[in-house]
Amino acid sequence: EAGVTQFPSHSVIEKGQTVTLRCDPISGHDNLYWYRRVMGKEIKFLLHFVKESKQDESGMPNNRFLAERTGGTYSTLKVQPAELEDSGVYFCASSQDGTDDYYGYTFGSGTRLTVV
Amino acid sequence: SQKIEQNSEALNIQEGKTATLTCNYTNYSPAYLQWYRQDPGRGPVFLLLIRENEKEKRKERLKVTFDTTLKQSLFHITASQPADSATYLCALLSGGSYIPTFGRGTSLIVHP
């Protein structure tokens with residue numbers, strides 16, 4: 001079974017530009033999560049999709065961040081315009097059934113975003 | 001505010017010894033506590049879950065304890081191996097929530 005795939009693995013952009021991160025969850029997983037780790041800080045929740053619907057987006061930092069999951073398959077996270085403080089590693093995770101989530105999701109390897 | 005503390009200093013131990021990592025929390029009453037392993041350039045990998053009414057959980061060479069009075073969890077790796085070298089994260093969940101709150105993690109280095 002393929003794992004959670006994220007790309008690009010690294011992205012370096014200038015302040016003010018737009019970047020789109022993509023996450024392909026494990027096939028059949030309805031739940032998809034985005035997390036972010038800023039340098040020196042802990043991993044923090046951004047939002048949660050159930051299929052194509054946003055279940056919880058309480059962790060999204062501001063309206064420069066837009067997440068979509070068309071068709072309930074892959075998801076994109078767009079940052080527009082990017083700011084320096086958006087630099088960090090963005091992780092995606094997926095799970096099949098919310099009731100199993102206590103046993104941990106499957107995380108992707110992350111996208112390291114650097115805004116210069 | 002809720003706070004999860006893990007030792008920021010790396011833990012260096014000799015192969016074969018038992019590694020013990022600590023997770024302390026304040027202003028939190030978690031129903032569940034998770035431990036993850038994270039290798040450089042990779043996402044966290046779930047290891048163990050322990051519930052608030054459980055004192056101890058074991059899985060192969062891993063043992064987790066959960067003391068809700070002390071607000072502390074201990075994570076033990078017995079007979080440690082160099083391959084166990086990684087960062088270990090603890091994460092807390094409230095009842096009814098599937099969104100864990102992560103600690104910053106502690107780096108473990110096992111020397112051959």
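The structure this text deals with has already been given above.
Residues numbered from 1 in each chain as written. Chains lettered and ligands numbered in written order. Predicted model: local features only at pLDDT ≥ 70, side-chain atom pairs only at ≥ 80, totals over all residues. Heavy atoms only, no water.

1. Examining the sheet that holds strand S1 (residues 3–6) of chain B
All names here are of chain B. The sheet built from 5 strands is open, its strands ordered S1-S3-S8-S7-S6 with antiparallel pairing. Edge positions in the sheet fall to S1 and strand S6 (56–59), since each has one partner strand and no second. Pairs of neighbouring strands in the sheet enclose a mean axial angle of 15°, with direction left out of account. Bridging between S1 and strand S3 (residues 19–26) involves 4 bridges; their strand directions are antiparallel. (Pairing = 2+ DSSP bridges. Helix = DSSP H or I, 4+ residues; strand = E, 2+ residues; numbered from the N terminus. Axes fitted to C-alpha atoms, helices over the stretch in contact; angles between N-to-C directions.)

2. Observations regarding the interface of chain A and chain B
Facing 20 residues of chain A, the contacting portion of chain B comprises 21 residues. Across the chain A to chain B interface the summed buried area is about 1800 Å²; carbon plus sulfur atoms make up 58%. Seen at the junction of chain A and chain B, the total is 1 salt bridge. The salt bridge partner of Glu42 of chain A is Arg104 of chain B, with a shortest N-O separation of 3.3 Å. Those elements that place two or more of their residues in the side of chain A that touches chain B are strand S4 (31–37) and strand S5 (43–50) of chain A. Among the elements that make up the side of chain A that touches chain B, the one with the highest residue count is S4 of chain A (3 residues). Looking at side-chain class alone, the side of chain A that touches chain B contains 9 nonpolar, 6 polar and 5 charged residues. (Contact = heavy atoms within 4.5 Å. Buried area = accessible area lost by both parts, 1.4 Å probe. Salt bridge = Lys/Arg side-chain N within 4 Å of Asp/Glu carboxyl O. Nonpolar A, V, L, I, M, F, W, Y, C, P; charged D, E, K, R; others polar.)

3. Section: the state of the cysteines
Inspection of the entire model under this criterion finds 2 disulfides over all chains. Put simply, Cys23 of chain A and Cys92 of chain A are joined by a disulfide, and their sulfur atoms are 1.9 Å apart. Looking down the S-S bond of the Cys23 of chain A and Cys92 of chain A bridge, the torsion is -65°, so its handedness is left-handed. Of this pair, Cys23 of chain A sits in strand S3 (residues 19–24) while Cys92 of chain A sits in strand S9 (residues 88–95), and the two are 69 residues apart along the sequence. Cys23 of chain A sits in the buried class, given a relative accessible area of 0%. Here Cys23 of chain B is linked by a disulfide to Cys90 of chain B, with a sulfur-sulfur distance of 2.0 Å. Its S-S torsion of approximately 55° makes the covalent link between Cys23 of chain B and Cys90 of chain B right-handed. In this pair, Cys23 of chain B is assigned in strand S3 and Cys90 of chain B in strand S9 (residues 86–93), connecting sequence segments 67 residues apart. The buried category is assigned to Cys90 of chain B, whose relative accessible area is 0%. (Disulfide = S-S within 2.5 Å. Buried < 20%, exposed > 50% of the residue type's maximum accessible area, 1.4 Å probe, protein only.)

4. Let's talk about the side chain of Arg64 of chain A
The residue Arg64 of chain A is located in the loop between strand S6 (53–56) and strand S7 (65–68) in this model. If we ignore the near neighbours within four places in the chain, the residues touching Arg64 of chain A are Lys78, Val79, Gln80, Pro81, Ala82, Glu83, Glu85 and Asp86 of chain A.

5. Quick look at the environment of Ala82 of chain A
Its place among the elements puts Ala82 of chain A in the loop between strand S8 (75–79) and S9. When its relative accessible area of 0% is taken as the criterion, Ala82 of chain A is described as buried.

6. Points about the packing of aromatic side chains
For the structure on display, the rule yields 15 aromatic pairs over all chains. Judged by centre distance (5.9 Å) and plane angle (50°), the rings of Tyr105 of chain A and Phe107 of chain A are tilted. The residues Tyr105 of chain A and Phe107 of chain A share a single accessibility class, namely buried. Seen from their ring centres, Tyr36 of chain B and Phe102 of chain B are 5.2 Å apart, and the 50° between their planes marks the pair as tilted. Here Phe102 of chain B lies in strand S10 (residues 101–102) and Tyr36 of chain B lies in strand S4 (residues 32–38), a separation of 66 residues in the sequence. (Phe/Tyr/Trp six-rings, centres within 6.5 Å; stacked < 30°, edge-to-face > 60°.)

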